[in-house]
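# Analysis of the macromolecular model
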Amino acid sequence: MKILPPVSVEARRLLPSRWDLLAAILVLGFIIAFADASRYLVHPLSSITGHGLTLNPWDLPGYALRTGLRMLIALGVSLAFTFTYATWAAKSPRAGSLLVPLLDILQSVPILGFLSVTVVWFLSLTPGYVFGAELACVFAIFTGQAWNMAFSFYQSLRTVPPELEEAGRMFGLNAWARFWRIEAPYATPPLIWNMMMSMSGGWFFVTVAEAISVGDTNIALPGIGSWIAVAIAQKNLPAIFMAIVAMLVVILVYDQLMFRPLVAWADRFRIGNEQSGDQPQSWALTVYRRSRLLDLMTKPFDQMMRWSYYWHPPHFGIKAATRDYDSRLADLLWYVILGLIGAYGAYRIYEFAHASLAWSDLAQAVGLGMITLVRVMVLIALASVIWTPIGVYVGLRPRLTRIVQPVAQFLAAFPANILFPLVVSMIVIFDLNPDIWLSPLMILGTQWYILFNVIAGASAMPAELQDAADNFGVKGWLWWKRVALPAVFPYYVTGAITASGGAWNASVLAEVASWGTKTLHAHGLGAYVADATLKGDFHRVVLGIAVMSFFVVVVNRILWRPLYWFAERKFRLT
C-alpha cells in the first residue's frame, strides 16, 4: 500500500527554500554584474585612451567588478585550454613531443611580449570599439594563468595509478568516460590549487594587462590595474592603499564563492580508504548542493554527460585491421609536417633577423640573459628551501590549510609594482646596487607556485602512508627523506617549473622599477625587453623574447625535465 505524504508537505516542496533564495541572489547578481560590465564593450575606443582615468574613490567598486569579471573569463578560457591541450599532450606521445616543449616556450614569453605582438590584431577585430581592447586584456591575463594549470593537469594525468585505469576498463568505461570519471577527478585537487595560483598570477600582471602601453598605443581599461598604474605615475599612496583594499575584497569574494567550495568538493577525490579527519567546509557549497534552482539549471548538462559515457564512435570494422599501418603512416606524416613547418619557420626567422638585426644584438641579448638566468636560479633555490617544509607542514593540517589558503592567495596576488616606491626609495637613499636589490621583486609573485603545489601534494598524501610511517616509528630527518619529500616531489617539480618560468616573465617588470619620474634599471634580459617594448622596437622585442624562450627551454631540458621524469618514475603512486 502506497502512503502519500500530506498535501501540506507536497505544497512545501514547491515553495523555494532558503537555499534557493540564496542561489537565486547569487545567480541574478552575477547576471546583472556581467550585463552592466558588458554594456561598455560597444563604447568608442577613444574613451579609454590617453589620461582619461581619474582616481575617484566612488569609481573603484565598479573598477574592481570589471577586473574581477576579466579574471573570471580568463580563468574559464584557461580551464578549457587545460582540459584540451594538457590532455592531448599526456595521451598522445606523438603530440606530446611537440606540445610539452611548446608549453615551455609559451610560459617563458613575457606578457609584454604577447601584448606587443597581439594587441594590434585584437584591436583590428572590432575597429574603434572597446571590445577589442577587452579581448587583448583577457588574453594577456590568460597568458598569466594557463601554463601553470596545463602543467599541473599534465603531470597528474601522467601519474594516474594504473590500478584506477585497469578498474575503469574492467567496468567497461570507454576513454571518454575514464577521463571524466577517473582521470579528471584524480587530477582535480592539484588543479584547483593551481587554479588559485593562476588567479594570483593574473593579479600580479593585471597592471600590464589593463594599462596597455606598446609604442604609440596607450589604452587604460577601467579596472584595478589601471588604477594602480595611474596612482604610481601620480605618486598617490592613498589611492594605492584603496586599490589594495579593493583587490583584497575581490580575492575574498572569489575565495568564498568559488575556490573554497571547490576545495571542499574536491576532498571527495582523495586517494585512500579513509576520509580526511578534518574535512573542509563551505557555506557556498552547501547552497550549491541544496538549491533546487541550480539542480534544474544543471540537469540538462548532467544528463548529456551521462549519455556521452555510453557513446562509442563507429569504426566500421576497419580500425583493428589498419591500426599498425595507420600508426606508421601517421608517424611519418606527422614528422614530415613538423619538418616542413620547421624549415619554413627557420626561413622566416632568417629574413626577419637579417633585415634589421646584427650579431652584436644577439650577443648583447644572450649576455643579458645569462645575468637574468643567475638571478632566477638563485631565487628559485632560496624559495625552495624556505617554502617546501612550510608547504608540507601546512598541507598535512587541513584546518591550517583553510587559514593559509586565502592569506597566501592574497600575498601571491599582491602586485609587486606596489612595492616599487619603497624599493626605489631605499635604493636611492642608501645608494644600493639595483642589479642586486631589484632581484627579489622577480620571485615575489612566483614563489607561491612552489608553496601552493607542495601544499597540494601534502594534502593528497594517503592516510595509509602516514599511518605506516607512524607505526614504524619513522621520525625526524628520516621521515622527511623517506615519506614527506618523496610524496610531494612530483608536485614540487611542477611548481618549480612554473615558478622558474614565472620568474623569467616577472623579470620584465622587476628589472625596471618606476616611481613617478624616477626609474631604476637592472642589467638583464627583462629590462632589455621592457625598454624595447616602450620604444616600440618590434625587432628587438622579438629578439629578447626568442632569447628568453631559449634560456627557459634549455634550463627545462637540462634540469627540470629530468627531475620531472625522475619524479614520475620513482615517486608515482602505485
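Now for a look at the structure at hand. Residue positions are counted from 1 within each chain, in the order its sequence is given. With pLDDT at 70 or above as the cut-off, local features in this predicted model cover only qualifying residues; side-chain atom pairs require 80 or more to be listed or tallied, and sums for whole chains, interfaces and linings still use all residues. Side-chain numbers come from the whole structure's heavy atoms, not from hydrogens or water.

### What to know about the overall build of the protein
Strands here mean DSSP runs of E at least two residues long; helices mean DSSP runs of H or I at least four residues long; both are numbered from the N terminus. In terms of regular secondary structure, the protein is built from 25 helices and four strands. Here the protein holds 574 residues, and 49% of them are scored as buried. Partitioning the contacts of the protein with sequence separation of at least 6, the portion at a separation of at least 24 is 81%. Accessible surface for the protein amounts to roughly 28900 Å². Of this, 69% is attributable to carbon and sulfur atoms. Between buried and exposed lies partly exposed: a residue is buried under 20% and exposed over 50% of the maximum accessible area for its type, with that area taken using a 1.4 Å probe on protein chains only. Any two residues whose heavy atoms approach within 4.5 Å are treated as being in contact. Throughout, the Shrake-Rupley method with a 1.4 Å probe supplies accessible areas, and for residues the shown protein chains are the sole cover considered.

### Details of empty space enclosed by the protein
Grid spacing is 1 Å over the protein atoms alone, the probe is 1.4 Å, and a cavity is where that probe fits but cannot get out, while a pocket is an open set with protein on both sides within 12 Å along at least five of seven lines and lining residues have an atom within 4 Å of a point. Grid points are joined across faces, edges and corners, and a volume is the space filled by probe spheres set on the points. Under the criterion given, the structure shown has four cavities of 30 Å³ or more. The space that makes up the largest cavity amounts to roughly 160 Å³. For the largest cavity, the lining is made up of 17 residues, of which Gly144, Tyr449, Thr498, Gly502 and Asn505 are closest to its centre. Elements represented by at least two residues in the lining of the largest cavity include exactly α7 (146-158), α9 (175-204) and α23 (476-510).

### Some thoughts on the nonpolar core
Remark: nonpolar core denotes a set of buried residues (Ala, Val, Leu, Ile, Met, Phe, Trp, Tyr, Cys) joined through side-chain atoms within 4.5 Å. Ranked by internal contacts, the top residues of the largest apolar core, which has 147 residues, are Trp203 and Ile224. If you tally residues by element for this core, the top one is α23, at 15 residues. When residues of this core are assigned to domains, at least three fall in each of domain 1 (18-46 + 58-272) and domain 2 (356-574). Where a domain begins and ends is set by an automatic assignment or by a domain database.

### Quick look at α23
Each helix should span, by expectation, one fewer than its residue count multiplied by 1.5 Å. Taking 1.5 Å of rise per residue, the 35 residues of α23 would be expected to cover 51 Å, yet its terminal C-alpha atoms sit only 39 Å apart, more than 12% below that figure. Most of α23 sits inside the fold, with 26 of its 35 residues counted as buried.

### Here we look at a nonpolar patch on the surface
A surface patch of nonpolar side chains, about 640 Å² in accessible area, is lined by Leu28, Phe30, Ile31, Ile32, Phe34, Ile73 and Val77. Elements represented by at least two residues in the nonpolar patch include exactly α2 (18-38) and α3 (60-91). Top element by residues in the nonpolar patch is α2. It accounts for five residues. Within the secondary structure, Ile73 is located in helix α3. For patches, a residue must show more than 30% relative accessible area and have no salt bridge; joins then use 9 Å for like charges and 5 Å for nonpolar side chains, namely Val, Leu, Ile, Met, Phe, Trp and Tyr. Salt bridge criterion: a side-chain nitrogen from Lys or Arg within 4 Å of a carboxyl oxygen from Asp or Glu.

### Examining the environment of Ser226
Here Ser226 shows up in helix α11 (residues 224-233). Setting aside chain neighbours within four positions, we find Ser226 in contact with Leu53, Glu210, Ala211, Ala220 and Leu221.

### Here we look at the packing of aromatic side chains
Each aromatic ring pair is characterised by the separation of its centres together with the angle its planes make. Each pair of aromatic rings taken from Phe, Tyr and Trp, with Trp reduced to its six-membered ring, is defined by centres within 6.5 Å and is described as stacked if the planes are under 30 degrees apart, edge-to-face if over 60, and tilted in the remaining cases. Enumeration according to the criterion identifies 22 aromatic pairs in this entry. Between Phe179 and Trp180, the aromatic rings sit 4.9 Å apart at their centres with planes inclined by 85 degrees, giving edge-to-face as the arrangement. Given the relative accessible area of 8%, Phe179 is considered buried. What makes Trp180 partly exposed here is its relative accessible area of 27%. Ring geometry for Phe550 and Phe551: centres 6.0 Å apart, planes at 75 degrees, overall edge-to-face. What makes Phe550 exposed here is its relative accessible area of 53%. Since its relative accessible area comes to 8%, Phe551 is described here as buried. The structure contains a cluster of three or more aromatic residues connected by ring pairs, namely Phe81, Tyr85, Trp121, Phe122, Phe139, Phe142 and Trp147.

### Some points on the side chain of Gln447
Tracing the backbone through its elements, the reader meets Gln447 in helix α21 (residues 447-459). Its relative accessible area of 13% is what places Gln447 among the buried residues. Ignoring any residue separated from it by four or fewer positions in sequence, one finds Gln447 in contact with Ala383 and Trp387.

### A short note on the environment of Arg18
Structurally, Arg18 is set in helix α2. Given a relative accessible area of 58%, Arg18 falls into the exposed group. For the pair Arg18 and Arg290, spaced 272 residues apart in sequence, the C-alpha separation works out to 9.3 Å.

### A word on the pattern of salt bridges
Oppositely charged side chains may form a pair once their charged atoms are brought near each other. As enumerated under the stated definition, the model contains 10 salt bridges in all. Residue Arg70 pairs with Glu210 through a salt bridge whose shortest N-O separation is 2.8 Å. Highlighted residues: Arg70 in helix α3 and Glu210 in helix α10 (residues 206-210), separated in sequence by 140 residues. Glu210 carries the same exposure label as Arg70, and that label is buried. A salt bridge links Asp255 to Arg260; the shortest N-O distance between them is 3.3 Å. For Asp255, a relative accessible area of 1% gives the class buried. The buried category is assigned to Arg260, whose relative accessible area is 16%.

So, to be careful, I would describe these as geometric facts and stop short of saying anything about function.
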